[in-house]
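Commentary on secondary and tertiary structure
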Amino acid sequence: MAAAPLAMKICGLSQESANLGLQWRIIAMYGPSFWTGCLITRLGASCVVAIGLALIAASSAAGFLGVDVARFWATLILLGAGWSFGFVGASAMALECHQPEEKARVQSFSDFVVFGTMAVGSLLSGGLLSSFGWSAVLTLSFTPLMVAVAALCACAFSARVKSA
């Protein structure tokens, strides 16, 4: 997320293009929130998280297709939408597992971990981009994605074992 506008500048694209890509990413991050709750009610939180993770994977894949404006914008928009579905769905999942009196502490700890991890990732992405390039940033993005997929699968497996 943080490296994309820098990568756009490195690839010779305009600042205006980078700015517009970031603006659309913000819309993609928060726009789906109007419907995410309905989707969680209809499909379940874990399914919404899975959709988010698939969008994030598609974001990285789109980044590998080229370094023109359209590919960067697709990467940013897919990433924003994936973040929205993943964050809202995971927040709902975290709250389902705890007693009402624990929910405020669980939500604040979850937010601390999520946003702390995002801050560290943002700080590291610039150095990674300048040292190894845009492809390295995209490739490395699959590591936390796979960790999230494994955690979601473990959670789903645990839920099935409990219900059986």
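Structure: see above.
The structure contained in this document is the topic of the report that follows. (Residues numbered from 1 in each chain as written. Predicted model: local features only at pLDDT ≥ 70, side-chain atom pairs only at ≥ 80, totals over all residues. Heavy atoms only, no water.)

**With respect to the packing of aromatic side chains**
Going by this rule: Each Phe, Tyr or Trp ring (for Trp, its six-membered ring) is paired with any other whose centre lies within 6.5 Å, and the angle between the two planes then decides the class: stacked below 30 degrees, edge-to-face above 60, tilted in between. Numbering goes from the N terminus for both helices and strands, where a helix is a DSSP run of H or I of at least four residues and a strand is a run of E of at least two. A simple rule labels every residue: compare its accessible area, found with a 1.4 Å probe on the protein chains alone, to the largest value its type can have, and call it buried under 20%, exposed over 50%, or partly exposed in between.
Using the criterion set out here, one finds 6 aromatic pairs in the structure. For the ring pair Phe72 and Trp134, a centre distance of 5.2 Å and an interplane angle of 45° mean the geometry is tilted. Taken together, the positions of Phe72 in helix 5 (residues 69-96) and Trp134 in helix 7 (residues 134-163) put the pair 62 residues apart, joining distant regions of the chain. Both residues of the pair, Phe72 and Trp134, belong to the buried class. Between Phe87 and Phe115, the ring centres sit 5.6 Å apart and the planes meet at 55°, which makes this aromatic pair tilted.

**Here we look at the pattern of salt bridges**
As a reminder, the rule being used: Each reported salt bridge corresponds to a side-chain nitrogen of Lys or Arg within 4 Å of a carboxyl oxygen of Asp or Glu.
Following the criterion strictly, the structure yields 1 salt bridge and no others. Residue Arg71 pairs with Asp68 through a salt bridge whose shortest N-O separation is 2.9 Å. Owing to a relative accessible area of 30%, Arg71 belongs among the partly exposed residues under this scheme. Overall, Asp68 belongs to the partly exposed group, its relative accessible area being 33%.

**Comments concerning the environment of Ala3**
Let me state the cut-off plainly: In this analysis, two residues are considered to be in contact whenever any of their non-hydrogen atoms come within 4.5 Å of each other.
Along the chain, Ala3 turns up in helix 1 (residues 3-10). Residues Ala3 and Phe109, spaced 106 residues apart in sequence, show a C-alpha to C-alpha distance of 26 Å. Each residue touching Ala3, except ones within four places of it in the same chain, is listed here: Ser125, Leu129, Trp134 and Val137.

**Quick look at the environment of Leu39**
Tracing the backbone through its elements, the reader meets Leu39 in helix 3 (residues 33-43). Along the sequence, Leu39 and Phe85 sit 46 residues apart, while their C-alpha atoms lie 9.5 Å from each other.

**With respect to the side chain of Thr36**
Relative to the assigned elements, Thr36 resides in helix 3. Given a relative accessible area of 0%, Thr36 falls into the buried group. Residues contacting Thr36, with those up to four places away along its chain left out, are Val48, Ser84 and Val88.

**Notes on the nonpolar core**
The condition is simple: Among the buried residues, those of types Ala, Val, Leu, Ile, Met, Phe, Trp, Tyr and Cys that are joined through side-chain atoms within 4.5 Å form a nonpolar core.
If you look at the biggest cluster of nonpolar residues, it comprises 13 residues, and the most contacted ones within it are Ala3, Ala7, Met8, Phe72, Leu129, Trp134 and Val137. Taken together, the elements giving at least two residues each to this core come down to helix 1, helix 5, helix 6 (103-132) and helix 7. The biggest single contributor to this core is helix 1, with 4 residues. Core analysis: the next-biggest nonpolar cluster, separate from the first, contains 12 residues, Ile56, Phe85, Ala92 and Leu145 among them.

**Re the packing of helix 5 against helix 6**
The test is simple: For helices, the fitted line uses only the C-alpha atoms of the stretch in contact; every axis is such a line through C-alpha atoms, and the angle between N-to-C directions lies from 0 to 180 degrees. We call two directions roughly parallel when the angle between them is under 35 degrees, roughly antiparallel when it is over 145, roughly perpendicular when it lies between 65 and 115, and oblique otherwise. Here a crossing is called left-handed whenever its near helix is offset anticlockwise from the far helix by less than a right angle, and right-handed whenever the offset is clockwise. In the scheme used here, Gly and all other residues not listed as nonpolar or charged are polar, with Ala, Val, Leu, Ile, Met, Phe, Trp, Tyr, Cys and Pro taken as nonpolar and Asp, Glu, Lys and Arg as charged.
Close contact between helix 5 and helix 6 brings their axes to 9 Å; oriented N to C, the two are set at 150°. Considered as vectors, helix 5 and helix 6 are oriented roughly antiparallel to each other. In terms of crossing hand, the pair formed by helix 5 and helix 6 is right-handed. Contact with helix 5, carried on its side by Trp83, Phe87, Ser91, Ala94 and Leu95, involves Lys103, Val106, Gln107, Asp111, Val114, Phe115 and Met118 of helix 6 and no other residues of that element. Looking at side-chain class alone, the contact of helix 5 with helix 6 contains 8 nonpolar, 2 polar and 2 charged residues.

**As for helix 1**
Considered for burial, the residues of helix 1 that qualify are Ala3, Ala4, Pro5, Ala7 and Met8. Buried residues belonging to helix 1 abut helix 2 (15-30), helix 5, helix 6 and helix 7.

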